[in-house]
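Chains, contacts and geometry: an overview
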Amino acid sequence: MTQSISHGLNASRERPATTFNGYLIFILSIIVFLCGIGLIIALANDVIGLIGVPFAVLLMAGAAFGFGGFYMIQPNQAAAIMLFGSYRGTDRKEGLRWIWPWMSRSKISVRSNNIISEKLKVNDLRGNPIEIAAQVVWRVVDTAQALFDVDDYKAFVLAQIEAAVRAIGSRYPYDDIEHQEVTLRGNHDQIGEELRIELIERLKVAGITVDECGLTHLAYAPEIAQAMLRRQQADAVISARARIVAGAVGMVEMALGELSEKGVVELDDERRAAMVSNLMVVLCSERDTQPVVNAGSLYQ
């Protein structure tokens, strides 16, 4: 039933329990109960003598014995069977079931559970305080571990979700304007999968697996939200300006190359520099530039 692991805890392992179909035993118990009632009625009417008393007692005790072992299992539910504190297996067969009355059973759900964690304040990789929350879909896969290897498996899940979210939140930066790093804001799928793997590793001691998880809330902490917004805006402006300048340089280079290649006009260094300056002003200006028509010669 158990396997010793390095830190001293005996890790339980689920195994099938020996139980019985409850419907057949229910019918037999009803028959025995009715026979006992009939015998008691016969004794009351002096149909039979006192010799029937022990049989009546045995029949009623047998009926009580039968009725004492019934329990129900719903779909996606299990029952851990115990005998005087010893784990005897888990019954996952749904419907009316029966075990010996001196054996106890602890029911446990193996359905999927959905948890949305509380908003946690964490420092990201760059030390910026952020608020983060996650949604986790988990379920019990080993009922013995969930019941016997942790004190309260639901509280254990909540604690490990908080710890995993904090670990993932501090492992990556919130954002990267240059898109060269994995970030919490820009790589949701990757972050969610890493969080799932982290939780599976943390929860396997409790016989729990994680089917799905992802971030549901991500924002800078209120005390730095405005400053970070201004920083993001500045970074966006710088990035946009850099792209505009790079594009303008390429267009100027292409224009000068085309003019020189096709022999449209020959420019000396001074006029070439003036033309480059004018083109850069036109291409990089935030406002529309006004054209000036040169009615004289090229050098006037």
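Residues numbered from 1 in each chain as written. Predicted model: local features only at pLDDT ≥ 70, side-chain atom pairs only at ≥ 80, totals over all residues. Heavy atoms only, no water.

Points about helix α2 (residues 53-67)
- Between its first and last C-alpha, α2 extends 21 Å over 15 residues, near the 21 Å set by a 1.5 Å rise per residue.
- What α2 keeps buried is the set Ala-56, Ala-63 and Gly-66. Buried residues of α2, viewed axially, fall in a sector of 95 degrees; they line one side. Opposite the buried face of α2, by more than 90 degrees, sit the exposed residues Val-57, Leu-58 and Ala-64.
- Next to the buried residues of α2 lie α1 (22-44), β4 (70-73) and β7 (95-98). (Helix = DSSP H or I, 4+ residues; strand = E, 2+ residues; numbered from the N terminus. Expected span 1.5 Å × (residues − 1). Buried < 20%, exposed > 50% of the residue type's maximum accessible area, 1.4 Å probe, protein only. Arc of directions from axis to C-beta. Contact = heavy atoms within 4.5 Å.)

Considering the pattern of salt bridges
- Enumeration over the complete set of coordinates arrives at 11 salt bridges.
- Taking the shortest distance from any N to any O, the salt bridge between Glu-181 and Arg-126 comes out at 2.3 Å. On the criterion of sequence distance, the pair formed by Glu-181 in the loop between α4 (153-171) and α5 (188-203) and Arg-126 in the loop between β10 (120-123) and β11 (129-140) is long-range, its members being 55 residues apart.
- Judged by relative accessible area, Glu-181 falls into the partly exposed class, the value being 37%.
- With its nearest N and O atoms 3.1 Å apart, the salt bridge here joins Arg-202 to Glu-198. (Salt bridge = Lys/Arg side-chain N within 4 Å of Asp/Glu carboxyl O.)

Some remarks on the packing of α1 against α2
- Their axes nearest at 8 Å, the elements α1 and α2 cross at an angle of 150 degrees. Considered as vectors, α1 and α2 are oriented roughly antiparallel to each other. Viewed along their axes, α1 and α2 form a crossing whose handedness is left-handed. In this structure, α1 uses Phe-26, Ser-29, Ile-30, Val-32, Phe-33, Cys-35, Gly-36, Ile-37, Leu-39, Ile-40 and Leu-43 to contact α2, whose residues at the interface are Val-53, Phe-55, Ala-56, Leu-59, Met-60, Gly-62, Ala-63, Gly-66 and Phe-67.
- In terms of residue class, the contact of α1 with α2 is made up of 16 nonpolar, four polar and no charged. (Axes fitted to C-alpha atoms, helices over the stretch in contact; angles between N-to-C directions. Parallel < 35°, antiparallel > 145°, perpendicular 65-115°, else oblique. Left-handed = near helix turned anticlockwise from the far one by under 90°. Nonpolar A, V, L, I, M, F, W, Y, C, P; charged D, E, K, R; others polar.)

Concerning the sheet that holds strand β5 (residues 77-83)
- Overall, antiparallel pairing links the three strands, which are arranged β6-β5-β8 in an open sheet. Pairing within the sheet leaves two strands with one partner each, and these edge strands are β6 (86-91) and β8 (104-109). Geometrically, the sheet is characterised by an average inter-axis angle of 25 degrees between neighbouring strands, direction not taken into account.
- Pairing of β5 with β6, which is carried by five bridges, proceeds in the antiparallel orientation. Note on β6: the bridge partner recorded for Met-82 is Tyr-87. (Pairing = 2+ DSSP bridges.)

Everything listed here is a matter of geometry and, on its own, says nothing about what the molecule does.
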